[in-house]
Amino acid sequence: MISDKVRVRFAPSPTGYLHVGGLRTALFNFLFARHHGGYFILRIEDTDRTRYVPGAEENLIKTLRWTGLDYDEGPGVGGPYGPYRQSQRLDLYAEHARRLVEEGHAYYCFCTPERLEAMRQEQIRRKEPPMYDGTCRKLSRQEAEERKKAGEPYVVRLKMPRTGETVVEDIIRGKVVFQNAVVDDQVLVKSDGYPTYHLASVVDDHYMRITHVIRGEEWLPSVPKHIQLYRAFGWEVPQMAHLPLLLNPDRSKLSKRQGDVAVEDYIRKGYLPQALINFVALLGWNPGTEQEIFTLEELIQQFSLERIHKAGAVFDIQKLNWLNGYYIRQLPEDQLIAFLTPFLERAGYDVSDREKTRKIILAVYKGIDKGEDIAEAARLFYDSEVKIEEPEAREMLAQPSTRTVLETFLQKLDQVEGLDLETFKVIMKEIQQETGIKKKALWMPLRIALTGLTHGPELPLVIDIFGKAEVRRRIKYVLDTYLASNPEA
RNA sequence: GGCGCGUUCGUCUAGGGGUUUAGGACGCCGGCCUCUCACGCCGGUAACACGGGUUCGAAUCCCGUACGCGCUGCCA
C-alpha cells in the first residue's frame, strides 16, 4: 500500500511553452499525487543556457495554472525542499559531481567537442555504436587535476561499469534489463559548469524526496545511468513509471510541423481546460469502464499507474473536438456567453449590444467544437448584405412560391406593430392558410432571404435577433435585387 | 548500426485461457427529429501484425519474424 507520503514532480524544461505531452505527464503526476493524498511538485529544469528563452518559465506556469493542475511545491509557492529552479541549485550539483570524482564514480574529461564529433563520425562510418572512447577515463587523477588547474576546459563524465547489467522494475513496463557495456559514459557536468539533466534530476529527486518518477518513455534508455548514480551516492532509487509517448497521426513522436503541440495554441483556438484534461487523460489511460466524460475529481478517484497502456497514443484532434464541443454545450449560460464573446470580438464583430450578442451565441453555439468556430457560425448575423450564392438557394429562389411567400410576408409585416416570436408564428400560419404553401416551400424562402443560406440557426431565433426593421429590409432587398423582374414588386 | 519499448476497428481503448457472433468512444455511413444545419436519439461499418509452439481450448501464455517508435548530444 502506498502511504500518504507520495511525492512526485513535473520537471519541464522552460523552452517557451507547455507541450501537450508535458501536460499529459503533469496530469498523470498530479492525479497520482492527489489520488494518494501526496504532493505534486513543479521543478524547473533550466540547465541549458544555450536554450534560454526569456519569459518561458512565467508562460509555462501561467499555462499550467489555466489547466487547474495546482502544485504543492515549486516556483512561486515555495516549499521545504527548494529552490525549485535548477539554475539556483548549481552549488549542490557541483558538490556532488566533485564527490563522484573523488570516490571514483566519475572522471574529468578534456576531450573537445570537435574531437568527440570526429570520433562519432568515424564510429558511425565503421558501423560501430557511437560511444565515448574512454580516452580521459584512463587519465590518472593527478594528470587530470593538473590539466584542470592549467585552465583546460573539461566536463565530468559518469564512470559507467563496463560489465554486468542494470535492472529496473518499471511500474508500467515491468522488468527492463540493460547491459552496462552498451551504456555510455554520460556527461554529468558541462564545460560551462552546469549539470546535465541526468545529474541534476537524480540529485534533485533525492533531495526533494521524490518517491515516484513518472515521465515520458523517451527517458527509459537513460535509466541505467540514473540507477548507477543513485548507487554511487548510496541513495535509494525511486519507483519508476515510463509513460507511453504521444504520437503524430503518422505515429512519430508528437511534434510541431504536424499540428499544434503547445497548450497555448489550444487555449487560443478556444478549447476548454476540462476538455483538454479529459482528452489527454484518456491518452494511454482508462479506468476499464465505459465512461468517457470525467471531471478532474473523478479522474483523481479512478486513476492508477497500473492501468496505463504501454503503447504510444496518437493525438486524435477529432475526439478532442467532440469532447470540447460537448463541454461547451454543457456550459451554464453565463459562462457560455463569457467564454464565446471574446471570439466574436476577435473576429471583428461588434459585441457592444450585450443582449443581441447573447442571442446570437445562444442561436449557434450548439454547432461548434471550439471557441474560434463561433466567428464563422455567427457570421450571417453580422454581414449587412445578403448574398445568395449556393446553387440550392438559387434554385429555391426561382420557385414561384418563393415570391409569393416573401411578398405576403412583407404585406403582413407592415400590418403588425412589432415582430416578436408569437407574431412571427401567427404570420407564418396565416401565409400557410392563405396560400396553401407549407413546410420547406414556406420556410426556406424566408431563411434564404434573411441569411442568403440554406443552412443555419432556427428561423424564429434569426427573426428575433434581426428584429422587424432588419427583417423587412432584408426581404425587400432580396425581392428588389434577386426577384426584380416582376413589376408588382 | 547498437540498445530499449511497443503491436486489438482509421483513431483512443476494453479484454489477463473458455462468459466473445471480440465490448465502448471518436470518425464515417444510414435513419428519426426538423424549414435547413447543428444538437439529441436510434442503427450500421470496421480490428486481435505474421509464423511457430504450450493447451482439450489462445486476442489472452512462450519463442521467433516483421513492422513501428524511442534513445544513441557538453538538449531535456
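Residue positions are given per chain, counted from 1 along the sequence in the order it is written. To label them, take the chains in the order written and letter them from A, then take the ligands in the order written and number them from 1. Thresholds applied to this predicted model are a pLDDT of at least 70 for local features of residues and 80 or more for the giving and counting of side-chain atom pairs; totals over whole chains, interfaces and linings are not thresholded and use all residues. Values shown for side chains rest on all heavy atoms present in the structure; no hydrogens or waters enter the calculation.

Engineer: What should I look at first to understand the protein's contact with RNA strand B in this one?
Structural biologist: Taken together, 64 residues surround RNA strand B, and among them Lys190, Gly284, Gly367, His455 and Leu459 come closest. Proximity criterion: a residue is near a molecule or strand once any of its heavy atoms comes within 4 Å of it. The sugar and phosphate moieties of RNA strand B supply 73% of its atoms located within 4 Å of the protein. Per-element accounting of the surface near RNA strand B gives the leading share, five residues, to helix α18 (residues 439-451). All amino acids are sorted into three groups, where Ala, Val, Leu, Ile, Met, Phe, Trp, Tyr, Cys and Pro are nonpolar, Asp, Glu, Lys and Arg are charged, and the leftover types, Gly among them, are polar. Residues of the surface near RNA strand B, tallied by class, amount to 27 nonpolar, 14 polar and 23 charged. Helix numbers and strand numbers start at the N terminus; a helix is a DSSP run of H or I with at least 4 residues, a strand a run of E with at least 2.

Engineer: Please explain the sheet that holds strand β3 (residues 106-109) as it appears in this structure.
Structural biologist: Through backbone hydrogen bonds, the strands of a sheet pair up, either in parallel or in antiparallel fashion. One open sheet holds the three strands; their spatial order is β3-β4-β7, and the pairing between them is antiparallel. Taken across any chain shown, the strands that pair with only one partner, and hence form the sheet edges, are β3 and β7 (187-189). Put simply, the sheet's adjacent strands are angled 40 degrees from each other on average, direction ignored. One requirement defines pairing of two strands: DSSP has to find at least two bridges between them. Of the strand pairs in this sheet, strand β4 (residues 155-158) and β7 are connected by two bridges, and their pairing is antiparallel. Each residue of the ladder has a partner; that of Val156, found in β7, is Val189. On the sheet, helix α3 (residues 90-102) packs against β3, β4 and β7 and is oriented at approximately 105 degrees with respect to β3. Helix axes are fitted only over the stretch in contact, all axes being lines through C-alpha atoms; the angle between N-to-C directions runs from 0 to 180 degrees. Note on contacts: a residue pair is in contact if any heavy atoms of the two residues lie within 4.5 Å.

Engineer: How should I be thinking about the packing of α3 against helix α7 (residues 223-233) in this particular structure?
Structural biologist: Geometry of a packed helix pair, given as the angle between the helix axes and the separation of the axes. Closest axis-to-axis distance for the α3/α7 pair is 11 Å, and the angle between their directions is 80 degrees. For the element pair α3 / α7, the angle class is roughly perpendicular. For the pair α3 and α7, contact is made by His96, Arg99 and Leu100 and by Leu229, Ala232 and Phe233, respectively. Classifying every residue of the contact of α3 with α7 gives four nonpolar, one polar and one charged. Angle categories are assigned with fixed cut-offs, so that under 35 degrees is roughly parallel, over 145 is roughly antiparallel, 65 to 115 is roughly perpendicular, and the rest are oblique.

Engineer: What is the right way to look at α3 in this model?
Structural biologist: One full turn of an α-helix is made of 3.6 residues, so residues set three or four places apart face in the same direction. A helix's residues, less one, multiplied by 1.5 Å, set its expected span. Between its first and last C-alpha atoms α3 spans 18 Å; for 13 residues at 1.5 Å apiece the expected length is 18 Å, and the two agree. Exposure categories follow from relative accessible area, calculated using a 1.4 Å probe and restricted to protein chains: below 20% of the type maximum is buried, above 50% is exposed, and the middle band is partly exposed. If you check which residues of α3 are buried, you get Tyr93, His96, Ala97, Leu100 and Val101. Across the axial projection of α3, the buried residues extend over an arc of 145 degrees, all falling on one side. Opposite its buried face, α3 presents the exposed residues Asp91 and Glu102, each directed more than 90 degrees away. Close packing links the buried residues of α3 with β3, α5 (141-149), β4, β7, α6 (197-207) and α7. In the stretch just after α3, Gly104 is the one whose phi turns positive, near 80 degrees. By construction, the arc corresponds to the directions joining the helix axis to the C-beta atoms.

Engineer: Before we go on, may I ask you to explain the domain arrangement of chain A in this structure?
Structural biologist: One frequent convention defines the size of an interface as the accessible area lost when the parts assemble. Note that the domain bounds were set by an automatic or database domain assignment. Examined at the domain level, chain A breaks down into domain 1 (332-382) and domain 2 (385-483). Domain 1 and domain 2 are separated by 24 Å when their C-alpha centres are compared. Counting residues at the interface gives seven residues for domain 1, matched by nine residues for domain 2. Here domain 1 meets domain 2 over a buried area of about 710 Å², counting both sides, of which 77% is carbon and sulfur. Considering only the surface of domain 1 that becomes buried against domain 2, Lys359, Leu380 and Phe381 emerge as the three largest contributors, covering 70% of it. Buried area: the accessible area, evaluated with a 1.4 Å probe, that two parts lose upon being put together, summed over both parts.

Engineer: Looking at this structure, how should I read the packing of aromatic side chains?
Structural biologist: Both the distance between ring centres and the angle between the ring planes are used here to describe each pair of aromatic rings. In this scheme Phe, Tyr and Trp rings, the latter by its six-membered ring, pair at centre separations within 6.5 Å, and the angle between planes marks the pair as stacked below 30 degrees, edge-to-face above 60, and tilted otherwise. For the structure on display, the rule yields 20 aromatic pairs. Here Phe30 and Phe40 contribute two aromatic rings whose centre-to-centre distance is 5.7 Å and whose plane-to-plane angle is 90 degrees, an arrangement assigned as edge-to-face. Taken together, the residues Phe30 in helix α1 (residues 20-35) and Phe40 in strand β2 (residues 39-42) connect sequence positions 10 residues apart. Residue classification places Phe30 among the buried positions, given a relative accessible area of 3%. Each ring, one from Trp285 and one from Phe294, has its centre 6.0 Å from the other, and the planes form 65 degrees; the classification is edge-to-face. Of the two residues examined, Trp285 and Phe294, each falls in the buried class. Ring pairing ties together the aromatic residues Phe28, Trp285, Phe294 and Phe303, which thus form one cluster. The ring of Tyr39 carries the charged tip of Arg7 above its face, separated from the ring centre by 5.5 Å. For a lysine, the NZ atom is tested; for an arginine, the CZ atom; a charge sits over a ring if that atom is within 6 Å of the ring centre and within 35 degrees of the ring normal. Its guanidinium or amino end placed over the ring of Phe28, Arg24 lies 5.2 Å from that ring's centre, counting from NZ or CZ.

Engineer: Where do I start with the environment of Thr402 in this structure?
Structural biologist: Here Thr402 shows up in helix α16 (residues 400-413). For the pair formed by Thr402 and Leu446, sequence separation is 44 residues and the distance between their alpha carbons is 8.4 Å. Sequence-distant contacts of Thr402, that is, excluding residues within four places in its chain, are made with Met396, Leu397 and Pro445. Distance and chemistry together define a polar contact, namely a pair of N or O atoms within 3.5 Å, with one atom able to donate a hydrogen and the other to accept it when in protein, and with adjacent residues in sequence counting only for side-chain atoms on both sides. From its side chain, Thr402 meets the backbone oxygen of Met396 in a polar contact 2.6 Å long.

Engineer: How do you make sense of the pairing of strand β1 (residues 7-10) when you look at a structure like this?
Structural biologist: A regular strand places its side chains on the two faces of the sheet in alternate fashion. By the alternation rule, side chains of β1 split into Arg7 and Arg9 and Val8 and Phe10, which are all buried. In this fold, the crossover linking β1 to β2 by way of α1 has right-handed handedness. Assignment of crossover handedness uses the view with strands pointing away from the viewer, where a clockwise path from the first strand over the helix to the second indicates a right-handed crossover.

Engineer: For this particular structure, what's the right way to read the side chain of Arg157?
Structural biologist: You can see Arg157 is positioned in strand β4. In this structure Arg157 is buried but unpaired, with Asp184 as the nearest side chain of opposite charge at 5.2 Å. Polar contacts involving the side chain of Arg157 include one to the main-chain carbonyl oxygen of Asp185, which spans 2.8 Å. Charged residues are defined here as Lys and Arg on the positive side and Asp and Glu on the negative side; His and the ends of the chain fall outside this count. Any Lys or Arg side-chain nitrogen located within 4 Å of an Asp or Glu carboxyl oxygen qualifies as a salt bridge.

Engineer: Quick question: what am I supposed to make of the environment of Arg34 here?
Structural biologist: By secondary structure assignment, the location of Arg34 is in helix α1. Classification of Arg34 as partly exposed rests on a relative accessible area of 26%. Considered as a pair, Arg34 and Phe343 are 309 residues apart in the sequence and their alpha carbons are 34 Å apart. With residues up to four places along the chain from it excluded, the contact list for Arg34 reads Phe40, Asp70, Asp72 and Ile300.

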